[in-house]
Amino acid sequence: IMEFAQQQKPTGDGKVVYPPGVKEITDKISNDEVVKRLKMVVKTYMDMDQDSEEEKQQYLGLALHLASEFFLRNPNKDVRLLVACCLADIFRIYAPEAPYTSHDKLKDIFLFITRQLKGLEDTKSPQFNRYFYLLENLAWVKSYNICFELEDCNEIFIQLFKTLFSVINNSHNQKVQMHMMDLMSSIITEGDGVTQELLDTILINLIPAHKNLNKQAYDLAKTLLKRTVQTIETCIANFFNQVLVMGKSSVSDLSEHVFDLIQELFAIDPMLLTSVMPQLEFKLKSNDGEERLAVVRLLAKLFGAKDSELASQNRPLWQCFLGRFNDIHVPVRLECVKFASHCLMNHPDLARDLTEYLKVRSHDPEEAIRHDVIVTIINAGKKDLNLVNDQLLGFVRERTLDKRWRVRKEAMMGLAQLFKKYCLHHEAGKESAMKISWIKDKLLHIYYQNSIDDKLLVEKIFAQYMVPHSLDTEEKMKCLYYLYACLDTNAVKALNEMWKCQNMLRSLVKELLDLHKLPVVCSYGHYAGKAQDFMKRFNQVLTEDEKLRVQLEVLISPTCSCKQAEICVREITRKLTFPKQPTNPFLEMVKFLLERIAPVHIDSEAISALVKLLNRSIEGTADDDEEGVTPDTAIRSGLELLKVLSFTHPTAFHSAETYESLLQCLKMEDDKVAEAAIQIFRNTGQKIESELQQIRSTLIPILHQKAKRGTPHQAKQAVHCIHSIFNNKEVQLAQIFEPLSRSLNADVPEQLITPLVSLGHISMLAPDQFASPMKSIVANFIVKDLLMNDRMAGNKNGKLWTSDEEVSAEVLAKVQAIKLLVRWLLGMKNNQSKSANSTLRLLSAMLVSEGDLTEQKKISNSDMSRLRLAAGAAIMKLAQEPCYHDIITPEQFQLCGLVINDECYQVRQIFAQKLHLALVKLLLPLEYLAVFALCAKDPVKERRAHARQCLLKNISVRREYIKQNPLAQEKLISLLPEYVVPFMIHLLAHDPDFTKPHEYEQLKDVKECLWFMLEVLMTKNENNSHAFLRKMVENIKQTKDAQCPDDAKANEKLYIVCDVALFVIANKSTACHLDCQKEPVLPGKFFLIQDKDFKNDKEYLTAEMRQMLLTGKPKPAPVLGAVNKPLTVPGRRILTKTTTVADTTTNTSSNSSPLASTINKNRSVNQTLMELCSWAEQSQKGTPQAGTEGTPVKRRGRPPKSAASAPAVNEKEAVVVVAPAGAGRGRKRAADSNSSTESINIKMSKQQQIDLQR
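Please read all numbers here as calculations on a predicted model, not as lab measurements.

**Student:** Run through the overall build of the protein chain, naming residues and quoting values.
**Tutor:** Along the protein chain, the regular secondary structure elements total 59 helices and four strands. Across the protein chain, the fraction of contacts at a sequence separation of at least 24, relative to all contacts at a separation of at least 6, is 75%. Taken as a whole, the protein chain presents about 54,800 Å² of accessible surface, with 49% of it coming from carbon and sulfur.

**Student:** Lay out the confidence of the model for the protein chain with the relevant residues and their values.
**Tutor:** On average, residues of the protein chain carry a pLDDT of 80, and 86% of them reach 70 or more. Of all the helices and strands in the protein chain, helix H58 (residues 1201-1204) carries the lowest mean pLDDT, 35, while helix H49 (residues 905-920) carries the highest, 95. In this model residues 1-13 is a low-confidence stretch, pLDDT under 50, and it forms 34 contacts with partners more than four residues away in sequence or in other chains.

**Student:** I'd like to hear about the packing of aromatic side chains, residue by residue, with values.
**Tutor:** Under the counting rule described, the total for this entry stands at 21 aromatic pairs. Both rings, one in Phe110 and one in Tyr144, keep their centres 5.0 Å apart while their planes meet at 50 degrees; by these two values the pair is tilted. Taken as a pair, Phe110 in helix H6 (residues 103-116) and Tyr144 in the loop between helix H7 (128-141) and helix H8 (153-167) lie far apart in primary sequence, 34 residues in all. Summarising the aromatic geometry, the rings of Trp318 and Phe321 are spaced 6.1 Å apart at their centres and angled 25 degrees between planes, so their arrangement reads as stacked. Of this pair, Trp318 and Phe321 both sit in helix H18 (residues 315-323), three residues apart, roughly one helical turn. Trp318 sits in the buried class, given a relative accessible area of 0%. On the basis of relative accessible area, Phe321 is assigned to the buried category, the value being 0%. Taking the ring centre of Tyr465 as reference, the NZ or CZ of Lys420 above it sits at 5.5 Å.

**Student:** Explain the packing of helix H54 (residues 1025-1036) against helix H55 (residues 1048-1068) to me, and be specific about the residues and the numbers.
**Tutor:** For the pair H54 and H55, interaxial distance at closest approach is 9 Å and the crossing angle is 160 degrees. Comparing the axis directions of H54 and H55 gives the class roughly antiparallel. Viewed along their axes, H54 and H55 form a crossing whose handedness is left-handed. On H55, the residues touching His1026, Leu1029, Arg1030, Val1033, Glu1034 and Ile1036 of H54 are Leu1054, Tyr1055, Cys1058, Ala1061, Leu1062 and Ile1065. For the contact of H54 with H55, the class distribution of residues is nine nonpolar, one polar and two charged.

**Student:** An account of helix H16 (residues 289-304) is needed here, citing residue identities and associated values.
**Tutor:** Between its first and last C-alpha, H16 extends 22 Å over 16 residues, near the 22 Å set by a 1.5 Å rise per residue. By the burial criterion, the buried members of H16 are Gly289, Arg292, Leu293, Val295, Val296, Leu298, Leu299, Ala300, Leu302, Phe303 and Gly304. Its buried side turned inward, H16 meets helix H14 (258-268), helix H15 (277-284), helix H17 (310-313), H18 and helix H19 (330-346). Measuring from the backbone nitrogen of Glu290 back to the side-chain oxygen at the start of H16 gives 3.0 Å, which picks out Asp288 as the cap.

**Student:** So what's going on with the pattern of salt bridges? Residues and values would help.
**Tutor:** What the rule picks out here adds up to 40 salt bridges. A salt bridge links Lys937 to Asp993; the shortest N-O distance between them is 3.9 Å. Of this pair, Lys937 sits in the loop between H49 and helix H50 (941-964) while Asp993 is found in the loop between helix H52 (980-989) and helix H53 (1000-1017), placing the two residues 56 residues apart along the sequence. For Lys937, a relative accessible area of 4% corresponds to the buried category. For the salt bridge of Arg959 with Glu978, the shortest nitrogen-to-oxygen distance reads 2.9 Å. Taken together, the residues Arg959 in helix H50 and Glu978 in the loop between helix H51 (972-975) and H52 connect sequence positions 19 residues apart. According to the relative accessible area criterion, Glu978 is buried, its value standing at 3%. What you see here is one network of salt bridges that share partners, running through Arg292, Arg324 and Asp327.

**Student:** Describe the side chain of Gln717, naming the residues involved and giving the relevant values.
**Tutor:** Mapped onto the elements, Gln717 comes out in helix H40 (residues 712-725). In this structure the side chain of Gln717 is engaged in a polar contact, spanning 3.0 Å, whose partner is the side chain of Arg682. Setting aside anything within four residues of it in sequence, one finds Gln717 in contact with Glu675, Ile678, Gln679 and Arg682.

**Student:** Describe the nonpolar core, and please don't skip the residues or the numbers.
**Tutor:** Buried together is how nonpolar side chains tend to be arranged in soluble globular proteins. Core analysis: the largest hydrophobic core is formed by 372 residues, its most contacted members being Tyr45, Leu87, Tyr144, Phe240 and Phe932. Once you skip the residues sitting within four places of it in the chain, Leu87 turns out to touch Leu66, Ala67, Leu72, Tyr100, Ile109, Phe112 and Ile113.

**Student:** A description of helix H42 (residues 753-765) should follow, citing residues and the corresponding values.
**Tutor:** Between the first and last C-alpha of H42 there are 19 Å, a value that for 13 residues agrees with the 18 Å anticipated at 1.5 Å per step. Counted residue by residue, H42 has eleven buried out of 13 residues, so it is predominantly covered. Among all positions of H42, only Ile753, Thr754, Pro755, Leu756, Val757, Ser758, Leu759, Gly760, His761, Ile762 and Ser763 are buried. Turning to H42, the residues buried within the fold contact helix H39 (693-709), H40, helix H41 (729-742), helix H43 (767-787) and helix H44 (809-828).

**Student:** Describe unusual backbone geometry, with residues and values.
**Tutor:** For Glu850, which is not a glycine, the phi torsion comes out positive at approximately 65 degrees. For Glu850, the location among the structural elements is in the loop between helix H45 (835-848) and helix H46 (861-878). The class of Glu850 is buried, set by a relative accessible area of 1%.

**Student:** Any chance you could break down the packing of helix H37 (residues 671-684) against H39 for me, citing the residues and the numbers?
**Tutor:** Running from N to C, H37 and H39 cross one another at 130 degrees; their axes reach a closest spacing of 12 Å. Judged on the interaxial angle alone, H39 and H37 are oblique. Where H37 crosses over H39, the two elements pack in a sense that is left-handed. Contact residues: Ala674, Ile678 and Phe681 in H37; Ile695, Leu699, Leu703 and Lys706 in H39. In terms of residue class, the contact of H37 with H39 is made up of six nonpolar, no polar and one charged.

**Student:** Break down a nonpolar patch on the surface for me, citing the residues and quoting the values.
**Tutor:** On the surface, Val245, Met246 and Phe282 cluster together to form a nonpolar patch covering roughly 280 Å² of accessible area. Its place among the elements puts Met246 in the loop between helix H13 (229-245) and H14. Judged by relative accessible area, which is 43%, Met246 ranks as partly exposed.

**Student:** I'd like a rundown of a positive patch on the surface, residues and numbers included.
**Tutor:** Taken together, the side chains of Lys716, Lys819, Lys877, Lys914 and Lys921 present a region of like positive charge at the surface. Considering the arrangement of structural elements, one finds Lys921 in the loop between H49 and H50.

**Student:** Outline the environment of Leu1101, supporting the account with residue identities and numerical values.
**Tutor:** Mapped onto the secondary structure, Leu1101 falls in the loop between strand S4 (1087-1089) and helix H56 (1103-1111). Judged by relative accessible area, which is 5%, Leu1101 ranks as buried. Separated by 38 residues in the primary sequence, Leu1101 and Phe1063 place their C-alpha atoms 9.1 Å from one another.

**Student:** Residue-level account of the environment of Gln116, with values.
**Tutor:** Tracing the chain through its elements places Gln116 in helix H6. Along the primary structure Gln116 and Asp78 are separated by 38 residues, whereas in three dimensions their C-alpha atoms are 9.9 Å apart. In this structure, Gln116 is in contact with Arg80, Leu81, Ala84, Tyr131 and Leu134, ignoring residues within four places of it in sequence.

**Student:** Give a description of the environment of Glu309 that names residues and reports values.
**Tutor:** Examined against the element boundaries, Glu309 turns out to sit in the loop between H16 and H17. For the pair Glu309 and His347, spaced 38 residues apart in sequence, the C-alpha to C-alpha distance is 9.2 Å.

Definitions and cut-offs
- The numbers attached to residues start from 1 for each chain and follow its sequence in the written order.
- Totals for whole chains, interfaces and linings use every residue, but because this is a predicted model, local features are given only for residues with pLDDT of at least 70 and side-chain atom pairs only at 80 or more, for both listing and counting.
- Just so you know, side-chain values use all the structure's heavy atoms and leave hydrogens and water out.
- Here a strand is any run of E in DSSP of at least two residues, a helix any run of H or I of at least four, and the numbering for each starts at the N terminus.
- By definition in these notes, contact holds between two residues if any of their heavy atoms fall within 4.5 Å.
- With residues, only the protein chains shown are counted as cover, and all accessible areas are computed by Shrake-Rupley using a 1.4 Å probe.
- The predictor reports its confidence for every residue as pLDDT, a score running from 0 up to 100.
- Geometry of aromatic contacts follows a simple scheme: Phe, Tyr and Trp rings, the Trp one being its six-membered ring, pair when their centres are within 6.5 Å, and the pair is stacked under 30 degrees between planes, edge-to-face over 60, tilted otherwise.
- Exposure classes here rest on a 1.4 Å probe applied to the protein chains alone. A residue is buried below 20% of its type maximum, exposed above 50%, and partly exposed in between.
- Counted as over-ring charges are cases with an Arg CZ or a Lys NZ within 6 Å of the ring centre that also lie within 35 degrees of the ring normal.
- Note on definitions: angles span 0 to 180 degrees between N-to-C directions of axes, and those axes are lines fitted to C-alpha atoms, for helices only across the stretch in contact.
- By the definition adopted for this analysis, an angle is roughly parallel if under 35 degrees, roughly antiparallel if over 145, roughly perpendicular if from 65 to 115, and oblique otherwise.
- Throughout, a crossing is termed right-handed when the near helix is turned clockwise from the far one, and left-handed when it is turned anticlockwise from it by less than a right angle.
- When residues are grouped by polarity, Ala, Val, Leu, Ile, Met, Phe, Trp, Tyr, Cys and Pro land in nonpolar, Asp, Glu, Lys and Arg in charged, and all others, Gly among them, in polar.
- One less than the number of residues in a helix, times 1.5 Å, gives the span that helix is expected to have.
- Think of a polar contact as two N or O atoms within 3.5 Å of one another; within protein, one of them needs to be a possible hydrogen donor and the other a possible acceptor, and neighboring residues in sequence only count if both atoms come from side chains.
- Take a side-chain nitrogen of Lys or Arg and a carboxyl oxygen of Asp or Glu: if they are within 4 Å of each other, that pair is a salt bridge.
- Throughout this description, the term nonpolar core refers to a set of buried Ala, Val, Leu, Ile, Met, Phe, Trp, Tyr and Cys residues connected via side-chain atoms within 4.5 Å.
- Think of a patch as exposed residues, more than 30% relative accessible area, with no salt bridge, where like charges cluster within 9 Å and nonpolar side chains (Val, Leu, Ile, Met, Phe, Trp, Tyr) cluster within 5 Å.
- For the purpose of counting charges, residues Lys and Arg are taken to be positive, whereas Asp and Glu are taken to be negative. His and the chain ends are not included.
- Throughout, a charge is located at the NZ atom of Lys, the CZ atom of Arg, the CG atom of Asp or the CD atom of Glu.

This is the structure we're talking about:
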């Protein structure tokens, strides 16, 4: 390093000595002459070295003279450059002693030299080489290091750094950059430290704005920092400490850019920030949300950078950062979620850490955050499926049911994109495809949601991602064929429902075209509130534009091909696009409509391709195994697919080739395949007789054979197929009926089932032709020979339910016989012969005897359960026909309803499903909705939950129907859900368990049942419905029980139930006491209206009882054990009983439970049944009344509480409690069911939930 020399004087008399040939340089000569002379001086100094002591002394005066003001402030650019070069050489020659002693003079010299370095900017300048020489000289000698001794050296360094960063550009070569780097790095590394101002001149080049303006300056700063990292790191740490920790933003103009700087410094060399990272952890915990947000944004970039190892090197900071996923500030959480996407892509090893935090954020209350969680996971999955684990995909799966449409849509579309990429195109192999194979099912399950947006999106996803309509026909059908084979049951049902909805919409559009009626389609518009206005406009367009109407007619034509459909949609959309508008809601609605009705997948060509695929599967030449399905599965699912399409696109099947393939399927051994093939013929074969005689001649004998000797399902479809597609169906059906009716033999029950099915359906389809011969069969064979006889002893294993395979052939035949009776009556649709009365009495007797009609005790408990279910379902089926509903007595209705409290779990389950499906289609009268109130007694929580869902759905359907149909106002008594209350009260008053109407436990049961229904009805107080309910119940108290008007006890029970109902209504609603202008109408079949003098104002509930009902008692702990054990109903006290050896040694069921009602003492059960079932007798006899005295006979019912409270439980077998003789009244308590051979899942299955939604 140069040192300041002692005062040096020029030689001689103080005159300046110039090199030979150089005249004196003064201000008296011209600039050109000055330049000329200086060039010679420069040449002299360039040739000198440090060892030239004589010359150094000789030219010392010249060196001092060149530092004079004349030269340093000379206006001529060339003069200044030459002087700077001389001065640089002087510092080189005289090193380590500088010839200049004054600090001020040194400062002026170095500032002068620095200013000359600006000439480096123009590389094309003639003087550039001299500027380069100047830079090279300064860098080589490290001349600027002499400034360290100056007090204000920082000013010189700042000016130097600014100059070099400003002049560097892309025209400079590597040498220029190297010398600049050497010059600056020596100042940093050899000095005592870097001041903040000097640091700013370096860091400012890293700020994005400057970085973009001068990339070379950024690169120079970047290289400089890398070279001087050991020295400058301390200075950088001090700067960030001042700003971040101490909050002194005034220390630098770059304070507001600290986070940008940290990001850039980290990218340059993480070592630069060794001491800064702990400061960031401190800032992450700041109380200022915006400050935390800024730090999170910074760290997200640092952790997410591709080659960053920060997370592994600084675990405390990483954990602190992850904690911000749960920040109270929404933008912070949002930023964290956005970061996760880059992190998953660049650092798969951190996925485990992120998963738990993303799980919480996927349930974030903020919609935008839940949305971005999905985007994060899907983006990573689209890059590489291995980047997202099953848990992360599970979060997306959950969000498909989000309450917000935007989130649901993102989740559904994201999953659809993954499915197309990895399952359809197999971009990552079979293993990845298997990992997300659940997506196809999940997406289709969403079709069960109520929102029209969800349904439309599922349809769009199916058409664009699951089976892309843009594929050619063969490829498209191959996708569909194997997709259908791989779907689960619920997804298949959803897809079938989707096609049915689209088909129904096509029918509605056809009606619109034919009749120009508006309301029929309005509910299908995307804009529900304005749907009718849109449809009016659409109808107006159709009226005015004939060409557009023709295009639409082609689109919905059964013969429209997929290619034609695309053309039609394009043409219709093009016509409606004009005039162009920024937003056109009308056009959007029409697009939605066209997308739903356009047959983009199925046409004749598509069906032909599907049939070819099916043929290849049958022949064993298909790619079934490669697609992940077995040939048997492919064949069965392929036929199921064709069966569904035969409903929605029947015309597309009409070809000899298709029917020939279906005939081959009929000959296969697989029963399901043959059944599906028959159904396809039934749905599509209307033109076979007239156009395809060869197919007809082959098909008829096969159908005859299936109707006589096929499976029951095949027989049913064969009969219906014959009835649907042949003109001479009477002859065909007679050819089946006559041999079957002659060959009936009760001694061979296994050969009876199919004939009974065929005969039943024939009598239903052709009642005029077969009603009379069927009557003889029913009287002589069905009832007397089959139902009234038990030929074989059942399996006495004590189980209440067994699998279908274990049910005896005789019982299966009896079940079919009961169904035959119902079908025969449904075909006749009249009761002129009183056959319906006799049938109902038979079915009632079946229920009264618990399924053992003959009471010979040959039949097993599980078989009795089957027959009880069949009898209950049969009464319910007959009730759907108005002429038979009218003759069903209240007693028969009660017997039917009590099946929902059957002791067998499966009976309750299946009966409730049948009841719900009939009610939701508005096929059953309103009174049957009251039966669900009895489900409050069910001991299984899931069954109660299922019943409540059924009630919600049914009540919703009825209210919606009333709103949509103005004519429904005239039939409110049969539609309005509130009118179920009278039926419920009457049903509960006749509950066999309700024997002691003044006991708290029984009244609490009644209250539970009432509230089970009323809770759903009273959710909203629409149209003052609460007051209407109160008035209705009060009116019931002013009537008498029509079932037994003279029975004081029965009427008292009715009034007590009314009081409990009023008590419940009053306690649950404050609006029930308002005036009700509407007068309720009570059903005369159940209540006798009294004259005006009759007034019942008695309070049947004591104050003490009201208090007990209001406060209740603590519910007992749940009883654990085997399914089908008797459990108490909700709220009942469990009586303890000590279990003995004898209690656990039996697992058999007994039929000795007492009856609530008996038959006349002079008759035995068999005599009564024979009389009831005597089809020759046409006189109608009254059914036995409850409470009639006489010899008790067996009927189903609950055991008394003493017996039910502590059942004998065997964990492997289902048991039924034995009721002691002479015990109290009541049907058998409903109990769970389970067995060693068939475990029943108590929880309501997904299928049940979906069925409810449907």
